[in-house]
Amino acid sequence: MNVFVHFRSCSRDYGGIMSVLGSDSWWKKTLYITGGALLAAAAYLLHELLAIRKEQELDSKDAIILHQFSRPKNGVPSLSPFCLKIETYLRMVDLPYQNYFDGKLSPQGKMPWIEYNHEQASGSEFIVDFLEEKLGVNLNKNLTPQERAVSRAVTKMVEEHLYWTIAYCQWVDNLEETQKLLAMSGPLSDTLKWLLSHLNGSMVRREMYGHGIGRFSKEEVYALMEKDMRTLATLLGDKKYFMGSKMSTLDATVFGHLAQAMWTLPGTRPEQLIKGELINLAMFCERMRRRFWPEWFMEVEDLYYDGDSESSGGGSPTGQLDFGLFSRTDTLDDSDGSSQSAGHTHTHSPDSDHSLFDSDVGTGSDNDIQLKEELMPDLEV
């Protein structure tokens with residue numbers, strides 16, 4: 001009798017459990033809880049390993065603090081076209097700034113964003129507007145109203161259309177190669193690279209679908225990309241910059257996006273196009289890089305120092321030189337051979353006596369021929 005009662009009790013408990021397991025609401029709650037826990041754990045790990053923490057309290061008094069993603073491993077300043085755009089813009093208008101690679105998004109959920117005198121600006125367009133208002137800089141002051149209108153129209157084409165096609169190539173079609181560029185360290189670095197790249201790839205797919213461009217086939221997406229790049233090549237022509245002989249904000253915008261095709265997507269259709277038929281775009285990118293990113297050309301060994309360069313005596317390298325602080329260039333002087341100008345002021349890194357501008361070169365037509373000769377070997381596929 002006791003065995004029978006025990007059997008009925010177990011049967012009743014088993015039936016209750018199965019009825020609960022068969023409940024949709026139970027499964028949904030379990031999935032929500034499990035998924036939330038996994039996402040929370042992933043977010044914590046990413047925050048711990050990606051964010052470069054600084055112990056000192058951030059103070060933006062009379063200082064531009066630029067929040068952006070960490071540098072990738074291949075020497076390109078950023079895998080984000082908008083981060084590269086704003087940092088290049090700051091160099092073009094000759095404003096000192098300090099990078100802050102904390103991985104923290106702005107209150108609007110944007111990256112990059114800046115702080116200045118305890119005020120914040122988020123979104124590349126609003127950052128430029130903010131700096132123009134607060135600090136009086138303006139790369140477009142010499143443009144006519146018609147040129148300003150053209151500049152804005154091309155900017156929107158690049159940021160609202162071309163951007164998605166490059167992002168597709170980077171984070172969907174070329175995901176495994178892009179994953180290798182992510183700079184992470186630690187025992188879980190490979191796992192976190194995989195997780196971050198696939199999360200970003202899924203986000204790009206979803207946002208592209210919402211935008212509308214993601215509803216087309218791969219071939220159609222690349223066809224749209226090619227049309228945009230051909231438009232840029234036609235607009236640039238044989239000019240030094242997009243709006244003529246003088247720089248404008250549009251140059252920073254286009255450089256930020258085309259640099260991804262130039263240096264982060266080897267062997268892909270964007271790279272083949274920019275280094276092949278549309279070689280004038282490649283020459284423009286190289287011209288911008290040489291003028292505003294002179295440290296980009298330094299050898300890997302030159303990026304490491306053990307204390308002060310004069311007293312280190314060639315000791316073993318202990319850490320990578322931080323190029324986060326950039327200020328005082330002659331970039332507003334549009335003459336060639338600017339590195340030899342009398343008014344040229346060097347900025348020294350805190351860890352060495354080497355100027356960041358020693359490798360700066362002219363950007364005249366003779367140099368364009370040199371750039372073209374250097375780029376031509378890349379066309380062999």
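Quick caveat, the model's predicted, so the values are computed rather than measured. (Residues numbered from 1 in each chain as written. Predicted model: local features only at pLDDT ≥ 70, side-chain atom pairs only at ≥ 80, totals over all residues. Heavy atoms only, no water.)

It is worth spelling out the overall build of the protein chain at this point. Scanning the protein chain from terminus to terminus reveals twelve helices and four strands. Taking all 381 residues of the protein chain together, the buried fraction comes to 44%. Sequence-distant contacts in the protein chain: of pairs separated by 6 or more residues, those separated by 24 or more amount to 71%. Counting every atom, the protein chain has about 20300 Å² of accessible surface; 55% of that belongs to carbon and sulfur. (Helix = DSSP H or I, 4+ residues; strand = E, 2+ residues; numbered from the N terminus. Buried < 20%, exposed > 50% of the residue type's maximum accessible area, 1.4 Å probe, protein only. Contact = heavy atoms within 4.5 Å. Areas by Shrake-Rupley, 256 points an atom, 1.4 Å probe, with all protein chains shown as cover.)

Time to look at the packing of helix α3 (residues 81-92) against helix α9 (residues 249-263). Two numbers describe how α3 lies on α9: the axes approach to 8 Å, and their chain directions differ by 140°. Considered as vectors, α3 and α9 are oriented oblique to each other. α3 and α9 meet at a crossing whose hand is right-handed. Contact residues: Pro81, Phe82, Leu84, Lys85, Thr88, Tyr89 and Met92 in α3; Thr249, Asp251, Ala252, Thr253, Phe255, Gly256, His257, Ala259 and Gln260 in α9. Residues of the contact of α3 with α9, tallied by class, amount to eight nonpolar, six polar and two charged. (Axes fitted to C-alpha atoms, helices over the stretch in contact; angles between N-to-C directions. Parallel < 35°, antiparallel > 145°, perpendicular 65-115°, else oblique. Left-handed = near helix turned anticlockwise from the far one by under 90°. Nonpolar A, V, L, I, M, F, W, Y, C, P; charged D, E, K, R; others polar.)

All right, on to the pairing of strand β3 (residues 113-116) then. Residue alternation in β3 divides its side chains into two sets, Trp113 and Glu115 and Ile114 and Tyr116, and both sets are buried. Pairing geometry for strand β1 (residues 64-67) and β3, over three bridges, is antiparallel. Each residue of the ladder has a partner; that of leucine 66, found in β3, is isoleucine 114. Where β3 and strand β4 (residues 119-122) come together, four bridges link them in antiparallel fashion. In the sheet register, isoleucine 114 faces β4, and the bridge partner there is alanine 121. (Pairing = 2+ DSSP bridges.)

Turning our attention to the confidence of the model for the protein chain. Averaged over all residues, the pLDDT of the protein chain equals 73, while 61% of them reach at least 70. Note on residues 47-56: pLDDT under 50 across the span, and 17 contacts to partners over four residues away in sequence or across chains. Segment residues 298-365 is flagged for pLDDT under 50; beyond a separation of four residues in sequence, or across chains, it makes 113 contacts in the model. (pLDDT = per-residue confidence, 0-100.)

It is worth spelling out α3 at this point. Helix length check: α3, at twelve residues, gives a terminal C-alpha distance of 16 Å against a target of 16 Å (1.5 Å per residue), a fit within 8%. Burial analysis of α3 places twelve of its twelve residues in the buried class, which makes it a mostly covered element. Those residues of α3 lying buried are Pro81, Phe82, Cys83, Leu84, Lys85, Ile86, Glu87, Thr88, Tyr89, Leu90, Arg91 and Met92. Buried residues along α3 sit in contact with β1, β2 (97-100), α4 (124-135), α5 (145-173), α9 and α11 (279-292). (Expected span 1.5 Å × (residues − 1).)

Let's shift gears to the sheet that holds β3. Pairing within the open sheet is mixed, and its four strands lie in the order β2-β1-β3-β4. A strand with exactly one partner marks an edge of an open sheet, and here the two such strands are β2 and β4. Averaged over all neighbouring strand pairs, the angle between strand axes comes to 25°, with direction disregarded. Sitting on the sheet, α4 touches β1, β3 and β4, and the angle it makes with β4 is about 140°.

With that settled, the discussion passes to the pattern of salt bridges. This structure, assessed with the given rule, holds 16 salt bridges. Glutamate 159 is the salt-bridge partner of lysine 85, the closest N and O atoms lying 2.6 Å from each other. One end of the pair, lysine 85, is in helix α3; the other, glutamate 159, is in helix α5, with 74 residues separating them in the sequence. Judged on exposure class, the residue lysine 85 and its partner glutamate 159 are both buried. In the salt-bridge network here, residues are joined through shared partners; they are Lys85, Glu125, Arg152, Lys156 and Glu159. (Salt bridge = Lys/Arg side-chain N within 4 Å of Asp/Glu carboxyl O.)

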